[in-house]
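Topology and contacts: notes
Chain residues, written in single-letter form:
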Amino acid sequence: MRRVLVIEDDPKDMAITRNAVLRAGLFPDCVATGEEALSYLLRNDCAYILVEPCVKGLNLPLILSLANKRDRKAAIVVITKDSSLTSERKLREMGILYYMVKPADDMELSMVLQNGKAD
Amino acid sequence: MEKPISILLVDDEADFRAIISDHLEEKGYQVFSVGSGQEAISAAQEQDFDVALLDVKMPGMDGVNLLQMLKEIDPSVEVIMLTGHATIETAVQSIKLGALDYLSKPVRLSELEVTIARALEVRHLRRQAFQLRERLRQKEAFPEIIGKSRKILAIQQQIEQVAQTDATVLIEGESGSGKELVAKAIHRRSKRGDGPFIVLNCGALQESLLENELFGHEKGAFTGASTEKRGLVEVADGGTLFVDEVAEMSLACQTRFLRILEAGDYRRLGSTKDLKVDLRIIAATNKKLAERAKQGQFREDLFYRLNVFRIVVPPLRERKEDIPILIGHFLANSEVGPKPPPPVSPEALESLMDYSWPGNVREVANVVERTLIVSQGLPIRPQHLNLTSREVPLVTCGEKDLLPLEQVERDHIQKVLAAVSGNKRRAARILGISLRNLYRKLEHYGLANSEPLKTAL
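Residues numbered from 1 in each chain as written. Chains lettered and ligands numbered in written order. Predicted model: local features only at pLDDT ≥ 70, side-chain atom pairs only at ≥ 80, totals over all residues. Heavy atoms only, no water.

Let us now look at the overall build of chain A. For chain A, the helix and strand inventory stands at 5 helices and 5 strands. Over its C-alpha atoms chain A spans a radius of gyration of 13 Å, differing by no more than 12% from the 14 Å that the globule rule assigns to 119 residues. Across its three principal axes, chain A shows a C-alpha extent of roughly 35 × 30 × 25 Å. A buried classification covers 50% of the 119 residues belonging to chain A. (Helix = DSSP H or I, 4+ residues; strand = E, 2+ residues; numbered from the N terminus. Rg over C-alpha atoms; globule rule 2.2 N^0.38 Å. Buried < 20%, exposed > 50% of the residue type's maximum accessible area, 1.4 Å probe, protein only.)

Moving on, we come to the interface of chain A and chain B. The interface of chain A with chain B comprises 21 residues on the first partner and 27 residues on the second. Buried surface at the junction of chain A and chain B, summed over both partners, amounts to about 1900 Å²; 48% is from carbon and sulfur atoms. Summed over the three residues of chain A that lose the most area to chain B, namely Arg89, Arg92 and Tyr98 of chain A, the buried surface amounts to 28% of that side. Residue glutamate 213 of chain B is joined to arginine 92 of chain A by a salt bridge in which the shortest nitrogen-to-oxygen separation is 2.9 Å. (Contact = heavy atoms within 4.5 Å. Buried area = accessible area lost by both parts, 1.4 Å probe. Salt bridge = Lys/Arg side-chain N within 4 Å of Asp/Glu carboxyl O.)

Any pair of aromatic rings gets described here by the distance separating the centres and the angle formed by the planes. In this structure the tally under the stated criterion is 4 aromatic pairs over all chains. Ring geometry for phenylalanine 32 of chain B against phenylalanine 49 of chain B: centres 5.9 Å apart, planes inclined by 55 degrees, an arrangement best described as tilted. Of the two residues, phenylalanine 32 of chain B sits in strand S2 (residues 30-34) while phenylalanine 49 of chain B sits in the loop between helix H2 (37-46) and strand S3 (51-55), which places them 17 residues apart along the sequence. Directly above the ring of tyrosine 98 of chain A sits lysine 229 of chain B, whose terminal nitrogen or CZ lies 4.3 Å from the centroid. (Phe/Tyr/Trp six-rings, centres within 6.5 Å; stacked < 30°, edge-to-face > 60°. Lys NZ or Arg CZ within 6 Å of the ring centre and 35° of its normal.)

In this section: the environment of lysine 27 of chain B. Assignment of secondary structure puts lysine 27 of chain B in the loop between helix H1 (14-26) and S2. Residues lysine 27 of chain B and glutamate 218 of chain B lie 191 residues apart in sequence; the distance between their C-alpha atoms is 70 Å.

As far as function goes, none of this settles anything; it's purely spatial.
Here you go:
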């Protein structure tokens, strides 16, 4: 079963994201810090990474770099409370698959996970 | 030997100049002291100075005007203003014109030394930053498009031609051939180069998500749309929108997309309000878009709008002379493997050149990375490569060139014996037969007592 790494430190948002992942027929692995995310990526493959860039201690460029080094590239979906145009531009230029502002629509997220094609 | 630090001291008071000069020369600086602005300008035109100490109040040209002139001659000189008539206005004006610092007379020599040391540090850092920028600029003449083949040089020329215009570009080429790199190269060289470069991959999202992603939606546009969403056209406003795999765009989405190309207008999903954007579109596809348009799978009017300037990126098999350059580039820039990277053996290079590279440049990058891991720092040999399909070049020959099996076997045995300098035990091992069997064959082919064939090295 394809796995999804969820990087989110807000328990409520994590629950919403987790449910969306399950609804899409994928398996969520949830972490709440940047360090845990890096540990996970060094040991595991996943099809998607759902990330809130504002999580404390998160080095998003490093996460992206690790995600791209996999034999099967993980697709990055950003789900964030920061709705500024500048940060969206910066994130998109890093090569993410999709960008959502909280509160994220779990139906929309499920659609992204069901039909968005991770490499 | 390092060049001594040179200081230009400009002050109309001779005694002051003498005291400062003596002190700084004792500290190892080379001091050139003059009594007027005019003399200072002459000096600056003849030689470079690291630091200039300028008195503000002088007859004729004052220090602030002199500062401007010196900066015109040499923007890199660090200037420290000295004055007995300190005013905030003059200080602010000087700093705005590029002075590093402002000291009040009587100048404390220790404070002057510290300020000069700081000026030298700033100068050194500025110089380093400039050199790095220059090196980067030269290195990045075309960092995205690596190769020296005629076809790649033609692509680079096309990029230079189209970059400065705002023309829509259609890039065609196989998967992994570098279409996105070409698009980025165009964007960087355009007047939108400082603006955003946003990528939409039409093949990565399903139809309904694609429209949402491209145009955005209003709050309440559909069930669950609890916030508004910006579309990529809005995110890319002022910059470039790169639409990859444009052939995968649905016909409905194509209609809305055409409106952006024609008038710069679009509407968010669920909105009746027209919005305007200013962006450049670069589209890419690995399909034959013209054929799809003829077959009705792609809007013909959209095709013609996209096809204003067409760039066809050649597959790697059509520019094989670039393979060694690409291999070298990925070896040098890989994050795995030792530094410097291991050499590539001639046999390995031959295999790399013979391979057809269906995945193009992207596949080269992946093969290099995998090979560096497998070779573990040793020179790269064919067994490290693990190319997905070993394509041996077809050797076509006429019937007259074909030999009987016995002749082939005889020649091969002779070749192997030559390669091992006649050592029959080693020859048998290489041929995969017993020594007794080898002797029997040598007898059969009349080779038992003959010299082995000399092989070319």
